[in-house]
Amino acid sequence: MSLLLGRQRCGFSRLSHQKSVLSYFSSTSSTDDLVLSSVDENAGIAMLTMNRPPANSLSLEMNEAICSSIKNIEANPKIQSVILASSNPKIFSAGLDISELVSPDKDRLPKFWSSLQQVYIDLYGSRLATVAAIQGHAPAAGCFLAMACDYRVMSAGDINSETKKNHVPTIGLNETRLGIAAPFWMGQLLVRTIGFRQAELALAMGTLFPPDQALAVGLVDDVVPRQPCESDNDGFLESVIKDQASNPLMQKAYKQAKIYAKIPPQARVASKLLTRDEHLQDMIAKREEDRTHFCGFVTQEAVQNNLAAYVEALKKKSRKK
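Definitions and cut-offs
Residues numbered from 1 in each chain as written. Predicted model: local features only at pLDDT ≥ 70, side-chain atom pairs only at ≥ 80, totals over all residues. Heavy atoms only, no water. Helix = DSSP H or I, 4+ residues; strand = E, 2+ residues; numbered from the N terminus. Expected span 1.5 Å × (residues − 1). Buried < 20%, exposed > 50% of the residue type's maximum accessible area, 1.4 Å probe, protein only. Phe/Tyr/Trp six-rings, centres within 6.5 Å; stacked < 30°, edge-to-face > 60°. Salt bridge = Lys/Arg side-chain N within 4 Å of Asp/Glu carboxyl O. Core = buried A, V, L, I, M, F, W, Y, C linked by side-chain atoms within 4.5 Å. Contact = heavy atoms within 4.5 Å.

Colleague: Quick question: what am I supposed to make of helix H2 (residues 108-124) here?
Modeller: The periodicity of an α-helix, 3.6 residues per turn, causes residues three or four places apart in sequence to face the same way. Between its terminal C-alpha atoms H2 stretches 24 Å, which fits the 24 Å expected from 17 residues at 1.5 Å a residue. Along H2, 14 of the 17 residues are buried, which leaves the element largely enclosed by surrounding structure.

In structure tokens, the structure reads:
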């Protein structure tokens, strides 16, 4: 049961078993494998792994898959906490799928925005304790996904053993760089997370914070160096992500999820509701207004020109590689 009773849910519910997971683990995925779900009932912990290559960009279908995965995990009373992670170690989520915004289909666009609003409602309002494991970049709506969680663990980065290049992830709402603005509920979430003045500057400048700065302003709760360590997770990570079981980021995320899972759920959920219910209700009350505003804003000629220029810049950058 979620914090908000009777709210609308996204329906993306067909599930299939993931063969690589050990028998004592229950592991499923969405129809198109957009979100992989792994459950350890003994520990009371689940993991949702976003799996939409190359960048986990949020399309209508991806949003629906996230909502459906949360719903399915919440339906299991033995699960109290969930880790939100990415199958791509370099990118947590790149944010909104730009193809949903450039020359959008007039019938699909409102459905797309509604599905993103539902992600906010379902993730921010989940009865589950949610831990974001941010190993890669999390710009724009990728940052939103992390902020909607209860706890955020971010990797300090690492060095590619082949190219010797240093990979340092960043996080932030950088929509202004694309010529658009974050919706009111997303911007206000940043204000509540890092404070008014820091958020005011970050939203205007489209700031992307490296790990240490993100920790300093409170955008993340912990920064973990990328140093292999001994496993200490009761076999959970080995069963789900064997190649990353010794990853200290995942180890930290698991430990935090385990702490949450041991807290009496009635007290934990009541405390969460105390701090979040007002903002969830505000979103629900203004949902249609927000959708209408967004659809009108993003289809403006000036905004479409900005988005098209951004896409072209991405193409040029890709051709240079």
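Don't stop here, the text continues.
Colleague: What exactly am I supposed to notice about the packing of aromatic side chains here?
Modeller: For any two aromatic rings, the description comes down to two numbers: the centre-to-centre distance and the angle of the planes. Scanning all chains against the criterion turns up 7 aromatic pairs. Here the aromatic rings of tryptophan 113 and tryptophan 185 are separated by 6.1 Å at their centres, their planes lie at 55°, and the arrangement is tilted. Remark: tryptophan 185 occurs in helix H4 (residues 184-194) and tryptophan 113 occurs in helix H2; sequence separation between them is 72 residues. Each member of the pair tryptophan 113 and tryptophan 185 is classed as buried. Both rings, one in phenylalanine 144 and one in tryptophan 185, keep their centres 5.5 Å apart while their planes meet at 75°; by these two values the pair is edge-to-face.

Colleague: Honestly, the pattern of salt bridges in this entry has me stumped. Any pointers?
Modeller: Working definition: two side chains of opposite charge can pair if their charged atoms are close together. Across all of its chains, the model carries 11 salt bridges by this definition. Across the salt bridge formed by aspartate 222 and lysine 252, the nearest N and O atoms sit 3.5 Å from each other. You can see aspartate 222 sitting in strand S12 (residues 222-224) and its partner lysine 252 sitting in helix H8 (residues 248-262), a full 30 residues away along the chain. We classify lysine 252 as partly exposed; its relative accessible area is 25%. Here lysine 286 makes a salt bridge to aspartate 282, at a shortest N to O gap of 3.3 Å.

Colleague: It is not clear to me how the nonpolar core should be interpreted in this structure. Could you clarify?
Modeller: When a protein is soluble and globular, its nonpolar side chains tend to lie buried together. Judged by nonpolar contacts, the single largest core of 65 residues is most densely connected at Phe92, Tyr120, Ile134, Phe144, Leu145, Ile171 and Leu219. Per element, the largest residue contribution to this core is 9 residues, and it comes from H2. Those residues in contact with isoleucine 171 that lie beyond four places of it in its chain are Ile134, Ala138, Cys143, Ala146, Met154, Thr207, Leu208, Phe209, Ala214, Leu219 and Val220.

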